[in-house]
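Residue-level listing of the chains:
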Amino acid sequence: MKKASRKTKKKEGGAKRAQRASSNVFSNFEQTQIQEFKEAFTLIDQNRDGFIDKEDLKDIYASLGKTNVKDEELESMLKEAAGPINFTMFLNLFGAKILGMDGEETILNAFKMFDPDGKGHIHKDYLKRLMMTQADKFTAEEIDQMFKSSPIDAAGNLDYKSFCYTITHGEEKED
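Every chain is numbered independently, its residues counted from 1 as its sequence is written. Predicted model: local features are reported for residues with pLDDT of at least 70 only, side-chain atom pairs are reported and counted for 80 or more only, and whole-chain, interface and lining totals are derived from all residues. Each side-chain value is derived from all of the structure's non-hydrogen atoms; neither hydrogens nor water enter the calculation.

Details of the nonpolar core
Right, on to step 1. Put simply, a nonpolar core is a bunch of buried Ala, Val, Leu, Ile, Met, Phe, Trp, Tyr and Cys residues held in one set by side-chain atoms that sit within 4.5 Å of each other. Note on classification: 1.4 Å probe, protein chains only; a residue is buried when its accessible area is under 20% of the maximum for its type, exposed when over 50%, partly exposed between these limits. Among the nonpolar cores identified, the biggest contains 18 residues, and I52, I85, F87 and F90 are the most heavily contacted of them.
Right, on to step 2. Elements supplying a minimum of two residues to this core: α1 (31-44), α2 (54-63) and α4 (87-99).
Right, on to step 3. The greatest single-element share of this core, amounting to 5 residues, is contributed by α4.
Right, on to step 4. Counting residues in each nonpolar core, the second largest holds 13 residues, with I122, M131, M146 and Y160 among its members. Note on conventions: DSSP H or I runs of at least 4 residues are helices, E runs of at least 2 residues are strands, and numbering of each starts at the N terminus.

Describing the confidence of the model for the protein
Right, on to step 1. A score from 0 to 100, pLDDT tells how confident the predictor is in each residue. Overall, the predicted model of the protein reaches an average pLDDT of 80, with 78% of residues at or above 70.
Right, on to step 2. The criterion used for residue contact is that any of the two residues' heavy atoms lie within 4.5 Å. Taken as a whole, residues 1-23 scores under 50 in pLDDT and shows 32 contacts with residues more than four places along the chain or in a different chain.

As for unusual backbone geometry
Right, on to step 1. Despite not being glycine, R48 shows a phi value in the positive range, around 55°.
Right, on to step 2. Relative accessible area serves as the criterion here: at 52%, R48 is assigned to the exposed category.

Re α1
Right, on to step 1. The first and last C-alpha atoms of α1 sit 20 Å apart over 14 residues, in line with the 20 Å expected at 1.5 Å per residue.
Right, on to step 2. Among the residues of α1, those classed as buried are I34, F37, F41 and I44. The arc enclosing the buried residues of α1, seen along the axis, measures out at 80°, which places them on a common side. Of the exposed residues in α1, the ones pointing more than 90 degrees away from its buried face are Q31, T32, E36 and L43. A helix is expected to reach a length of 1.5 Å times the quantity of its residues less one. In this description, the arc belongs to the directions extending from the helix axis to the C-beta atoms.

See the structure below:
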């Protein structure tokens with residue numbers, strides 16, 4: 001009796017849902033670019049289960065003639081994503097690299113510079129003043145627009161951790 005190939009085996013962790021990545025990433029690209037990303041994703045997703053995993057990466061490397069890729073290298077690649085890599089996550093990963101967007105940790109560290117007590121929030125008036133007077137100066141209208149979709153409490157404090165998540169993922173975390 002023939003053993004099922006690893007391509008037909010049920011994926012480990014298959015019950016885990018891929019972290020929902022923002023559909024906002026689609027607005028960063030032309031339809032033709034999205035189609036090209038979809039074709040690349042389909043090429044890499046060798047077992048056609050809608051997710052890219054270590055076995056898919058091994059298979060794609062093997063198809064390119066590289067058979068000695070270490071598991072650690074593959075795992076490192078997969079860790080760049082916040083969860084299982086479905087197409088939206090794939091688009092987020094490559095979109096961020098192509099568009100030159102900073103990652104969540106980089107943005108979070110920038111906000112932490114203005115929060116020396118480590119409270120996790122910055123008062124919106126302080127942030128507005130900084131953004132209107134430093135480096136790439138924003139207009140009051142641009143800042144007000146940003147605050148409309150920002151987690152600001154009744155005291156006027158911006159929860160910059162949630163804000164960073166929203167910037168990089170396009171939606172607030174579901175608790």
